[in-house]
Every structure is written in structure tokens, then in C-alpha cells.
Amino acid sequence: MFTGLVEEVGKMKGITKQGEAMRLVIGAARVTDGVMIGDSISVNGVCLTVTSFDGSSFSADVMPETYRKSNLQQLRAGERVNLERAMQAGGRFGGHIVQGHVDGTGKIVNRDSDANAVVFKIHLEDSDMLRYVIPKGSITIDGISLTVVDTSGHSLSVSVIPHTLGETALQHKHAGDTVNIECDVLGKYVDHLLHFKKPEAAKQQSKLSTAFLMENGFL
């Protein structure tokens, strides 16, 4: 689990592709401190597993499902990425609950100044994600915990303070760039529980309804 508070901006040192599978080598200093093989590190909001490391970089594999759902497929050597280690138990919870399980991607429509902030308008590639996007609710953009300003059509907007912009790779993003989106996990679980019905339970409910109608002379 992560908090959406980016610890470091890393640099892509190597990318190997084989179809929709990838192996990434990412230059980093802070997140490699005390790292072990098997640890989780969020890369642009995607939870990846460390497979090897040295003092200045770590490697991770990207499977096809992650490749298809995220902007990692568009990474190039030298590109900057947001990095965060998994949250430690007992640590400060400064952002919100972030799983590192990207729901999909969005494309930046525009980037406008608003006094000391920068407002990004993002068009969601999958409009179904909007059911989990609530104005003034939490959302993760490329691994950054942000607050939704508003929604309009198939788009959402977020406002970013100077500190967050300066300390993340979002400073290098402009109109046309793709970002990873993870919606608030609480909303996803609530929605699933409200709409989920076990097949056997549905059959049983149907049988009971039929029996009731027959007993009362409706059938």
C-alpha cells in the first residue's frame, strides 16, 4: 500500500521490451536505500516488484496486463518517473489509500495557471472510471495523491500546488501526454459490494419468489 506522496523522481536508465512484456531499469537514490529483492515500489503509480538493485538503480518487470493498462508502455530512456516505496506500518499517512493498481489512463487536455497553482484537465480514456471520481474526493495521477476539483463530460480536473509540481515528474507533463489514473479504492469496493450478487444466491432468490407466488395463487 502507498500514500500517493512521491518520495523521489527517478530516471529511466534502461527499457527492454518483448511484445507486451517489459523490464525496466530505473535510476534512483532515495528509494533504493535499504531496498530488498521482492520489495514494492510505485513507478508512476504502478506497484512494481524489485527484481534486482544496486546503489543507484533498481530493476522491475512489467507484465502484459500492466503494460496495457498504464503509460509505462510509452516510457523512453531518460524519462522521469515518480517513485514511492510501500508505506511502513506506523508511518504518517499524508495522502490517501493507494494500491498501485492503475485503473486506466487519461490524456492531459490542458494545463492552466491559477494564481500559485496549476490546474490540469484530464480526459479519461475509459469513461466508466468516472463513476468513482467524486469532486473534492481523492484520486491518484501518476502516483500522486491529488484532490479532484471537478468533473465535466469524460474529463476531470486537479489543482497542483508549486511544491507538488516541483517535486514530481508532473512538472514535465503537458497537453497530449498520458497519465496513469487510480481511483479511490474505497469507492470501488463500495460500488462492487452494492452491485455484486452471487449466482447461487440469485437462483435461490428466484426459487423463493416463485414458491411465494404459487403459494398465494398467483401462478
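Because the structure is predicted, anything quoted here is derived from the model rather than measured. (Residues numbered from 1 in each chain as written. Predicted model: local features only at pLDDT ≥ 70, side-chain atom pairs only at ≥ 80, totals over all residues. Heavy atoms only, no water.)

Chemist: Got a minute to help me understand the nonpolar core in this structure?
Modeler: Nonpolar side chains in soluble globular proteins tend to end up buried together. Phe120, Ile122, Val133, Ile139 and Ile181 are the most contacted members of the largest nonpolar core, which totals 22 residues. Only β8 (117-124), β9 (138-141), β10 (144-152), β11 (155-160) and β12 (178-183) provide two or more residues apiece to this core. Aside from chain neighbours lying at most four places away, what touches Phe120 is Ile108, Asn110, Arg111, Leu156, Ser157, Val158, Val160, Leu165, Leu170 and Lys173. In this structure, Ile41, Phe58, Leu72 and Val81 belong to the second largest nonpolar core, which totals 21 residues. (Core = buried A, V, L, I, M, F, W, Y, C linked by side-chain atoms within 4.5 Å. Buried < 20%, exposed > 50% of the residue type's maximum accessible area, 1.4 Å probe, protein only. Helix = DSSP H or I, 4+ residues; strand = E, 2+ residues; numbered from the N terminus. Contact = heavy atoms within 4.5 Å.)

Chemist: What exactly am I supposed to notice about the sheet that holds β11 here?
Modeler: Each strand in a sheet pairs with another by means of backbone hydrogen bonds, the pair being arranged parallel or else antiparallel. Ordered in space as β7-β8-β11-β10-β9-β12, the six strands form a closed barrel in which the pairing is antiparallel. Averaged over all pairs of adjacent strands, the angle between strand axes in this sheet comes to 45°, irrespective of strand direction. Of the pairings in the sheet, the one linking strand β7 (residues 104-114) to β8 comprises eight bridges and is antiparallel in character. Its bridge partner being in β8, Lys107 is matched across the sheet by His123. (Pairing = 2+ DSSP bridges. Axes fitted to C-alpha atoms, helices over the stretch in contact; angles between N-to-C directions.)

Chemist: How should the side chain of Ser70 be read in this particular structure?
Modeler: Positionally, Ser70 belongs in the loop between α1 (64-69) and β6 (80-85). Looking at Ser70, its side chain comes within polar contact range of the main-chain oxygen of Thr66, at 2.7 Å. (Polar contact = N/O pair within 3.5 Å; in protein donor to acceptor, adjacent residues only side chain to side chain.)

Chemist: Quick question: what am I supposed to make of the environment of Leu186 here?
Modeler: Mapped onto the elements, Leu186 comes out in helix α3 (residues 185-195). With 88 residues separating them along the chain, Leu186 and Val98 place their C-alpha atoms 10.0 Å apart.

Chemist: Whenever I open this one, the pairing of β9 confuses me. Can you help?
Modeler: Within a regular beta strand, the side chains point alternately toward one face of the sheet and then the other, so they alternate between its two faces. Of the pairings in the sheet, the one linking β9 to β10 comprises four bridges and is antiparallel in character. By the bridge assignment, Ser138 is partnered in β10 with Thr147. Between β9 and β10, which pair antiparallel one after the other, the connecting turn spans two residues, and Asp142 there sits at a positive phi close to 50°. In the sheet, β9 pairs with β12 via three bridges, with the strands oriented antiparallel. By the bridge assignment, Thr140 is partnered in β12 with Glu182.

Chemist: What is the right way to look at unusual backbone geometry in this model?
Modeler: Leaving glycine aside, a negative phi is the common case for residues, and trans is the common case for peptide bonds. Within the chain, Ala115 stands out as a residue other than glycine whose phi angle is a positive 55°. Residue position: Ala115 is located in the loop between β7 and β8. In this structure, Asp142 takes a positive phi of about 50° despite not being glycine. Its place among the elements puts Asp142 in the loop between β9 and β10.

Remember that the coordinates give geometry; whether it matters functionally is a separate question.
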